Amino acid sequence: QVQLMESGGGLVQAGGSLRLSCAASGRLISFRRMTWYRQAPGKQRELVAAMTTPGSTNYSDDVKGRFTISRDNAKKMVYLQMDNLKPEDAGVYYCTALYGSTEYWGQGTAVTVST
C-alpha cells in the first residue's frame with residue numbers, strides 16, 4: 001500500500017514563497033510519475049506539476065517559471081517550490097504517485113495566499 005503525506009502549506013502573502021513536501025512510503029524510483037495537483041474552492045482539481053521517474057517535468061501554464069517540482073529519492077520526498085505566489089494559487093495541494101496503473105493520493109495541504 002502506497003502512502004503519501006503532504007506538508008508545508010499555510011498562509012503566505014502574494015509574492016511570497018512556500019515549499020510543499022510529500023513524504024512517500026516505498027521507493028520513489030518505483031513510481032512512474034509523481035504529480036502535484038491543486039483544487040481551489042468551487043473549482044475542479046487541476047494538474048500543477050509532474051515529474052516522471054527518468055526525471056522529465058511538466059508544468060501547467062499558470063505556474064511555469066514560478067513553481068519547481070523536485071524529488072529526493074534517498075529521502076523518499078517530493079517537493080514543490082512555489083515562488084511569486086498569487087492569490088489564484090490558493091487551494092488544497094495534493095501529491096500523487098503513479099505505481100503501475102494505480103494513482104495514489106495524499107490527504108492534501110492547504111495554501112492560502114493573501115493580497
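Up top you'll find the structure we're talking about.
These notes cover the structure that comes with them. (Residues numbered from 1 in each chain as written. Predicted model: local features only at pLDDT ≥ 70, side-chain atom pairs only at ≥ 80, totals over all residues. Heavy atoms only, no water.)

This part is about the nonpolar core. Residues Trp 36, Leu 80, Met 82 and Tyr 93 are the most contacted members of the largest nonpolar core, which totals 26 residues. Of all the secondary structure elements, the ones that give two or more residues to this core are β3 (18–24), β4 (33–39), β5 (46–52), β7 (67–72), β8 (77–82), β9 (91–99) and β11 (109–114). Among the elements that make up this core, the one with the highest residue count is β3 (4 residues). Not counting chain neighbours up to four residues away, the residues in contact with Tyr 93 comprise Glu 6, Leu 20, Trp 36, Tyr 37, Arg 38, Val 48, Phe 67, Leu 80, Met 82, Gly 108, Thr 109 and Val 111. (Core = buried A, V, L, I, M, F, W, Y, C linked by side-chain atoms within 4.5 Å. Buried < 20%, exposed > 50% of the residue type's maximum accessible area, 1.4 Å probe, protein only. Helix = DSSP H or I, 4+ residues; strand = E, 2+ residues; numbered from the N terminus. Contact = heavy atoms within 4.5 Å.)

Overall, antiparallel pairing links the 4 strands, which are arranged β1-β3-β8-β7 in an open sheet. Looking along the sheet, the strands with just one partner apiece sit at the ends: β1 (4–7) and β7. Across the sheet, the axes of successive neighbouring strands diverge by a mean angle of 15°, strand direction being ignored. Pairing of β1 with β3 involves 4 bridges; the strand directions are antiparallel. When the sheet's bridge partners are listed, Leu 4 is paired in β3 with Ala 24. (Pairing = 2+ DSSP bridges. Axes fitted to C-alpha atoms, helices over the stretch in contact; angles between N-to-C directions.)

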